[in-house]
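Report on the structure
Below are the chains, spelled out letter by letter.
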Amino acid sequence: MSWTYLTLAILLEVCGTTSAKMAEGFTKPLYSVVMFVFYGLSLAALTMALKRIDVSVAYAIWSGLGTALIVIIGMAWFREPVTLARLFFVVMIITGVAGLHISGRES
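What this report covers is the structure whose coordinates are included nearby. These numbers come from a predicted model, not from an experiment. (Residues numbered from 1 in each chain as written. Predicted model: local features only at pLDDT ≥ 70, side-chain atom pairs only at ≥ 80, totals over all residues. Heavy atoms only, no water.)

Here the focus is the pattern of salt bridges. The full count for this structure, using the stated rule, is 2 salt bridges. The closest approach of N and O atoms between arginine 86 and glutamate 80, which form a salt bridge, is 3.6 Å. Accessibility expressed as a relative area gives 32% for arginine 86, which makes it partly exposed. (Salt bridge = Lys/Arg side-chain N within 4 Å of Asp/Glu carboxyl O. Buried < 20%, exposed > 50% of the residue type's maximum accessible area, 1.4 Å probe, protein only.)

What follows concerns helix α1 (residues 2-22). Given a rise of 1.5 Å per residue, 21 residues ought to cover 30 Å, and the 30 Å separating the end C-alpha atoms of α1 matches this to within 8%. The set of residues buried in α1 consists of Ser2, Leu6, Ala9, Ile10, Leu12, Glu13, Val14, Gly16, Thr18, Ser19 and Met22. In this fold, the buried residues of α1 make contact with α2 (29-49) and α3 (55-76). Once α1 finishes, glutamate 24 follows within two positions and takes phi at roughly 50°, a positive value. (Helix = DSSP H or I, 4+ residues; strand = E, 2+ residues; numbered from the N terminus. Expected span 1.5 Å × (residues − 1). Contact = heavy atoms within 4.5 Å.)

What follows is the structure, given as structure tokens:
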């Protein structure tokens, strides 16, 4: 169940960050409120995941995959530049997260 909570935490954090972009500096009240709700729920789900997952592994996965997803959303939805360097570094983030996950199993 902890991995389910971590997955939920990642998705909620990505929704919060997307809402932050759409809030346009707190000028759109609905997106501003929704942003705080998503971030709060994300931290609650992350806290539940930490019951059984090492904090170092859980936080790396939460922040790393969240970052990678936001980069992809930025390029796909917000028309941010798609460059070879960005794609390479997203792959590097995912590779690093996978490495930490695998190394967490060995302990």
